[in-house]
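Take a look at the letters that make up each chain.
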Amino acid sequence: MRSVKLLVVLGLVAAAAVGCGDETTPGGGDKVRDGDTAAGSERARRVAAAWAGSEAARVWQRGYHPLGDAVQLPEGAFHNDADKRAYLTQNFELRGSLPDAPKKKGEIRWRDGSSLALPVTSARAAYEKLDRGGNSGPALTVTGARLGDMTLLTSRGAATVPAWHFTIKGYDTALKRVAVTPAKLPRPPIGPVRQQTAELGPLAGLDTIAEDGRTVTLRAEHGACDDGPAVDVLETAGSVVFSASVRGVSDGPCTSELRIEKVTVKLDRPVGDRMLLDAFTGRPVPHEQPRSTSPTWS
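Note that the structure is predicted; figures quoted are calculated from it, not measured.

(A) View of unusual backbone geometry. Geometrically, the link from A77 to F78 is a cis peptide bond, its omega value of 10 degrees lying close to zero. With respect to the helices, strands and loops of the structure, F78 is situated in the loop between β3 (71-72) and α3 (81-88). Backbone geometry places Q90, a non-glycine residue, at a positive phi of 55 degrees. Relative to the helices and strands, Q90 resides in the loop between α3 and β4 (92-94). Relative accessible area serves as the criterion here: at 7%, Q90 is assigned to the buried category.

Laid out in structure tokens, this is it:
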């Protein structure tokens, strides 16, 4: 287990406290003692061991689990601040017709030659994932769509995935959005920790994995009266387990404000097809971008 120096950028703020873990998950809940600085390290080893060779791991490796953004922007996006704001606020306007879902399944193809056939959603369903703003501000105008594909990082490595290519007024290339639904998360072989502490808490999600496969950016939680989040990482042959904690917690009175920061860690070797696991939850770290423009799993 090694500590990783943070490269942090203050992100989203939410006025909510984090609840306790679900004790009904297989394996029950692991109790982490307050003040136990080795809690994260020991828990990470247990999570890695539980997933190694498990049925859940086999299901995970066979399914389609995206680890990248479901949306790819047009080349040169954005032309101006108004277009950027429209995208970030999910404000779109449809001026044209959208194709129905094809009867034939779409094929996901991995670089090792394996493939998986899945139903393709309609262009309308994909469009509705984009258009969630409904405000009076600037909007991006969609004039049509066609079915194509896009390259996306998944739990099995990079894959070519069916995607709807939306024509955006004013842009020469399409905005692409994945047209297939991620597989359901397999039942984890270990339960979550029962209670969050400064020494071990849940991650908010996976943000990005760089092209080198070794630079992973996560979203980590902390409060208003501490020195920010810290993340340790345990690498094994089949998994990478992240343990999130909070540094310099104040003993005085503090608000319940929850802050989220981006944390970048450097691995010893590329992720490859290894599982990215959260030591606190005992589950794969979900990919989830702000504004909910990307797929995730429950």
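Resuming the write-up.
(B) Region of interest: the nonpolar core. Among the nonpolar cores identified, the biggest contains 31 residues, and F92 and F166 are the most heavily contacted of them. Here this core takes six residues from strand β8 (residues 157-168), the largest share from any one element. The residues contacting F92, other than those within four sequence positions of it, are Y87, Y127, L130, D131, A139, L140, V142, I168 and L175. L67, V233, V263 and L276 belong to the second largest nonpolar core, which has 18 residues in total.

(C) Quick look at α3. Listed as buried for α3 are D83, A86 and Y87. Take α3 and look down its axis: the buried residues cluster within an arc of 95 degrees, on one side only. Considering only its buried residues, α3 is in contact with β3, β4, β7 (140-154) and β9 (175-178). Note on α3: the residue one or two positions beyond its end, Q90, has a positive phi of about 55 degrees.

Rules used throughout
Residues numbered from 1 in each chain as written. Predicted model: local features only at pLDDT ≥ 70, side-chain atom pairs only at ≥ 80, totals over all residues. Heavy atoms only, no water. Helix = DSSP H or I, 4+ residues; strand = E, 2+ residues; numbered from the N terminus. Buried < 20%, exposed > 50% of the residue type's maximum accessible area, 1.4 Å probe, protein only. Core = buried A, V, L, I, M, F, W, Y, C linked by side-chain atoms within 4.5 Å. Contact = heavy atoms within 4.5 Å. Arc of directions from axis to C-beta.

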